[in-house]
Amino acid sequence: MIPDFTRTRLLVVGDAMLDMYVETAVRRISPEAPVPVADVRSRWSVPGGAANVARNLVSLGCRAALLALCGTDAAAETLRQRLDEGGIEATLIASSERPTTCKTRIVTHGQQLLRMDEEARRPLSPQEYAALKAALPAALEGCHAVILSDYGKGVLLRCQDGSCLAGDVIAACAARGIPVLADPKLDDWNRYAGAECITPNSAEFAAVSGCSGEMREEMEREARALCRRIAVPRLLLTRGARGMALFEQEQEPLFIKAEARQVVDVSGAGDTVIAVLAACRAGGLPYKEAARCANAAAGMVVCKAGTSPVSRAEFLYAVRRDGGSTPKIMDLPQLRELVAFWKQQGQRVVFTNGCFDILHKGHIMLLHEAAAQGDKLVVAINSDASVRRLKGESRPVQDEQSRALLIAALQDVDAVTIFEEDTPLRLVESLLPDVLVKGSDYSVENVIGADVVQAHGGRVHLARLQDGYSTTGICRRISDSGEQSR
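A brief report on the enclosed structure follows. Sequence order as written defines residue numbering, which begins from 1 separately in each chain. Given that this is a predicted model, residues contribute local features only at a pLDDT of at least 70 and side-chain atom pairs are listed and counted only at 80 or more, while totals for whole chains, interfaces and linings are drawn from all residues. The basis for every side-chain value is the complete set of heavy atoms in the structure, and neither hydrogens nor water enter the calculation.

**Focus: the overall build of the protein chain**
Step number 1: For the protein chain, the count of helices and strands is 16 helices and 18 strands.
Step number 2: Overall size of the protein chain, expressed as C-alpha extent along the three principal axes, is 90 × 60 × 45 Å.
Step number 3: Only protein chains enter the calculation, and the probe is 1.4 Å; a residue is then buried if its accessible area is under 20% of its type maximum, exposed if over 50%, and partly exposed in between. Burial statistics for the protein chain: of 486 residues in total, 52% are counted as buried.
Step number 4: Nonlocal contacts in the protein chain, meaning residues at least 24 apart in sequence, comprise 69% of its contacts between residues at least 6 apart.
Step number 5: Areas reported here follow the Shrake-Rupley algorithm with a probe of radius 1.4 Å; residue values treat only the protein chains shown as occluding. For the protein chain, the computed accessible surface area is about 22,100 Å², with 50% contributed by carbon and sulfur atoms.
Step number 6: By the counting scheme adopted, Arg and Lys are positive, Glu and Asp are negative, and His together with the chain ends is not counted. Here the site of a charge means atom NZ of a Lys, CZ of an Arg, CG of an Asp or CD of a Glu. Separation of charge centres in the protein chain, based on 57 positive and 61 negative side chains, amounts to 2 Å. Only DSSP runs of H or I covering at least 4 residues are called helices, and only runs of E covering at least 2 are called strands; the numbering of each starts at the N terminus. Contacts are residue-level and defined by heavy atoms, with any inter-residue pair within 4.5 Å sufficient.

This is the structure:
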């Protein structure tokens, strides 16, 4: 059972950044030097680092707060603006001693051509440390979990006098009964002593433990030894294409396979993992279930370009698929949330409906043509009761779940829902698709919901029908065949 994230508030403490992107087109080599000439097409920026963890939390539906440093430069103002736009309660301590950490990625044809970093990697000064520590009690108010997002830039590093904000956060949370999860960096993991969980990747784990991660027995032995040494009860190891491994004291390790995906960009995947893990823990899920959820979300985020959070709709879709259910089949609230996300991403949503009792060539061709009208195809299927009212007591031949499973198995289809009414008008009014598709045996004026779609700037498409293909005709031929065999 996925928690209601809207009831949770989480604080992220760590190294906030500004991720800037410059989209370019490269068509020639410079006459001045053997380098590509990148024609700038667009620019944009998003919160990165610890700020991206907070962004992931908000995208899941959590209330998120952020405690971090920034400079006194233009990048700081942009970062504040992006955080405010994202609904993140940000406490950014401005420091004249360092710039705002900023990563600028030059992108061409969907691939990074160059990355330029502006940053200062050094421990906090006494003034920076004092300001962050003073802001901590207010930031912790009402929190259900805290994330230490350590990128090794300074906020969570050990100061020259031995003080450490990471330790201060953990001690303050222990006094309040708030769990702390840490995404570690560098090799001084003693800074996280007392945290509830750490989430290193394979390279970070190998650098500290000396374990390559090839052999499960060695991995388990080193993970348990590491947890004892730094006084952390559990470790979630993220292993890229190999999935994840959860090691908890006095419990059998949990190895979770990664689902095969077309990896586009791994930027921010670790941020998504710890955000989902912490959100699930804040919502009361045990670590094993929380780890499975984090693994499912990670598989979703690596399919995206750039630093992109996973939406709640995408997360629920990924978790359902990871749990063995058919994620394309969903009820109206889930579908409404997913459709809203698709539209937010600028994708055109196509809607069609029918009984789809016995799947045949006519259905396949109609759905294929429908899918070509936009980016995402939603198919609504009449419930069994609805089919009986429309077709008679002998129908449907197949129950609604069987019909939904068959439609969901088609590559052209992105989402399936079952409706009880005789018409899909309520669905059309709720989803407001960009394109409404019916067969060419209808006229636009007779298509249910056509006026609703057109009033919102959408259109109606009448798909070609395949002669000689219908469920009624198939049922009749089966019946006739049975009569002849008697």
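**A word on the pattern of salt bridges**
A side chain with one charge may pair with a side chain of the opposite charge, provided their charged atoms come close.
Step number 1: A side-chain nitrogen of Lys or Arg and a carboxyl oxygen of Asp or Glu constitute a salt bridge if their distance falls within 4 Å. In this structure the tally under the stated criterion is 23 salt bridges.
Step number 2: A salt bridge links arginine 82 to glutamate 85; its shortest N-O distance comes to 3.4 Å. Of this pair, arginine 82 and glutamate 85 both sit in helix α2 (residues 74-85), three residues apart, which is roughly one turn of that helix.
Step number 3: Taking the relative accessible area as the measure of exposure, arginine 82 reaches 23% and is therefore partly exposed.

**Considerations on the packing of helix α5 (residues 202-209) against helix α6 (residues 216-230)**
Step number 1: Axis definition: a line fitted to C-alpha atoms, limited for helices to the stretch in contact. Angles are taken between N-to-C directions and run from 0 to 180 degrees. Packing of α5 against α6 brings their axes to within 11 Å, and their N-to-C directions diverge by 70°. One element, α5, and the other, α6, form an angle in the roughly perpendicular class. Packed against α5, whose contacting residues are Phe205, Val208 and Ser209, the element α6 presents Met219, Glu222, Ala223, Leu226 and Arg229 at the interface.
Step number 2: Residues were grouped as follows: Ala, Val, Leu, Ile, Met, Phe, Trp, Tyr, Cys and Pro as nonpolar; Asp, Glu, Lys and Arg as charged; and all remaining residues, including Gly, as polar. Residue composition of the contact of α5 with α6, by class: five nonpolar, one polar and two charged. Should an angle fall under 35 degrees it is taken as roughly parallel, and over 145 as roughly antiparallel, whereas 65 to 115 is taken as roughly perpendicular and any remaining angle as oblique.

**Quick notes on the sheet that holds strand β7 (residues 111-118)**
Step number 1: The strand order across the open sheet built from four strands is β3-β2-β6-β7, with neighbouring strands paired in mixed fashion. Since the sheet does not close on itself, it has two edges, and those belong to β3 (36-49) and β7, each with one partner. If you compare each strand with its neighbour and ignore which way they point, the axes differ by 20° on average.
Step number 2: This element, helix α1 (residues 50-60), spans β2 (16-29) and β3 of the sheet and lies at about 70° to β3. Think of it this way: DSSP has to see at least two bridges between two strands before they count as a pair.

**As for the side chain of serine 383**
Step number 1: With respect to the helices, strands and loops of the structure, serine 383 is situated in the loop between β15 (376-382) and α12 (384-391).
Step number 2: Discounting residues that sit within four places of it in the chain, serine 383 has contacts with Glu400, Arg403, Ile418, Phe419 and Glu420.

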